[in-house]
Amino acid sequence: MRIERACYLVAAVLFASGLAHLGVQAMLGGPWDGPVSWRKPADFGMAFGLTLFAVTWASTWIDVRPRRAVLTGFAAASVVEVVAISVQAWRGVPSHFNATTPLNAAFAFSAAGGGAVIIVTTLALLRAAFRPSDATRGQRLAAQVGFGSLLVGLVIGAVMIAIGTAEARTVSLDAAYDAAVVLVPAHAAAMQGILVLPILAWLTGFTSWPEAVRTRVTALGCAGYLVCAGTIVLEAFLGFDGFDPASAPVLGTVVAAAGAALLVGAGVATLAGLDRGSRLHQTAASR
């Protein structure tokens, strides 16, 4: 459909903008971390580009109503987010929590409004994922978990904005970033499901397995992802960085690693199944 093609094009442009800002960082230098850096437009551009592509693709498996409005809203809000962060980076001022001038406040409120639209459209996509469709059970499961985890990640992002805004008003901008950054691992971990799980479900369709086996392998991958991401989210709200095994609790690290291993194992098994399926087709063709 035309709306899907348009979203794929927008996703490619957003991703390219992120790559371009990596080039700017390489040429101009400057801090990689902190409220003012080229990392932010690079991260946001690539992340929103990939997410918009994955969301658009996964939406083709489900009965989204109204499809054009939902996808247009998600894509437009993604553009607003990336543009706001990128313009503020070029202006050399913080993008988040920054309401120090009317112009800065306009960018900050625009980004917050875009985030709200993305949450609403993701909720619509999640609801659609539970409606009957022509997709396989594995595809529907991957869409359900993927959109569900994306919604959790977006809500965590909204919590980060709320925390940062309160700190910026009562303390300082620096305090706002320090307070909000604690939840970055949780936000990042929850955002990955929509990128990974639909690919796993799609790849199982190229194996010689019966549908029941394809569904079980996809379910194992989803379970592994939920265990890993859920552990990182819990640790973040407890004040630990799940991406840093040296500072995170040992038990949490073990549980998250076990979940990641289950997800990777499902992927490896699927790739092995592709090889076996290919050999079977080659054998049949040679007879």
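Anything mentioned here points back to the structure above.
Within any chain, residue numbers begin from 1 and follow the written order of that chain's sequence. For this predicted model, a pLDDT threshold of at least 70 governs which residues receive local features, and a threshold of 80 or more governs which side-chain atom pairs are given and counted, while totals over whole chains, interfaces and linings are taken from all residues. Hydrogens are left out, water is left out, and the side-chain values use all remaining heavy atoms of the structure.

J.: What's the story with the environment of K40 in this structure? I'm lost.
T.: Secondary-structure assignment places K40 in helix α2 (residues 39-59). With 45 residues separating them in the primary sequence, K40 and I85 have C-alpha atoms 7.0 Å apart. Here H96 takes part through its side chain, which lies 3.2 Å from a polar atom of the side chain of K40. By the criteria applied, helices consist of DSSP H or I runs no shorter than four residues and strands consist of E runs no shorter than two, each listed in order from the N terminus. Throughout this description, a polar contact denotes any pair of N or O atoms lying within 3.5 Å of each other; where both atoms belong to protein, one of them has to be capable of donating a hydrogen while the other can accept it, and for residues adjacent in sequence the pair is counted only when both atoms sit in side chains.

J.: Explain the nonpolar core to me, please; I cannot follow it from the model alone.
T.: The biggest cluster of nonpolar side chains holds 47 residues, and the ones touching the most others in it are I62, F147 and L150. In this structure, L150 is in contact with T51, V55, F74, T122, A190, M191 and I194, ignoring residues within four places of it in sequence. Buried Ala, Val, Leu, Ile, Met, Phe, Trp, Tyr and Cys residues form a nonpolar core when they are joined through side-chain atoms within 4.5 Å. Exposed residues in this analysis have more than 50% of their type's maximum accessible area, buried residues have under 20%, and partly exposed residues fall in between, with area computed by a 1.4 Å probe over protein chains only. Contacts were defined at the residue level, with two residues in contact if any of their heavy atoms lie within 4.5 Å.

J.: Quick question: what am I supposed to make of empty space enclosed by the protein here?
T.: The gaps of empty space that remain are located by a probe, the size of a water molecule, rolled over the atoms. The way it works is a 1 Å grid over only the protein atoms, where trapped points that fit a 1.4 Å probe form a cavity and open points with protein on both sides within 12 Å along at least five of seven lines form a pocket, and then any residue with an atom within 4 Å of a point lines it. Grid points are joined across faces, edges and corners, and a volume is the space filled by probe spheres set on the points. For the structure shown, the criterion picks out one cavity of 30 Å³ or more. The computed volume of the largest cavity comes to approximately 40 Å³. Surrounding the largest cavity, P35, V36, S37, K40, P41, I85, Q88, A89, V93 and S95 form its lining. Of all elements in the fold, only α2 and α3 (67-91) reach the threshold of two or more residues within the lining of the largest cavity. The element best represented in the lining of the largest cavity is α3, accounting for three residues.

J.: In this structure, what is going on with the environment of A135? I would like to understand it.
T.: Mapped onto the elements of the fold, A135 is located in the loop between α4 (102-129) and α5 (137-170). Linking A135 and D63, residues 72 residues apart in sequence, is a C-alpha distance of 9.6 Å.

J.: I tried to follow the pattern of salt bridges on my own but got confused; where do I start?
T.: Two side chains bearing opposite charge may form a pair once their charged atoms approach each other closely. The working definition used for a salt bridge is a side-chain nitrogen of Lys or Arg within 4 Å of a carboxyl oxygen of Asp or Glu. On inspection of all chains with the given rule, the structure shows four salt bridges. For the salt bridge of R67 with E4, the shortest nitrogen-to-oxygen distance reads 3.2 Å. Of this pair, R67 sits in helix α3 while E4 sits in helix α1 (residues 2-28), placing them 63 residues apart in sequence.

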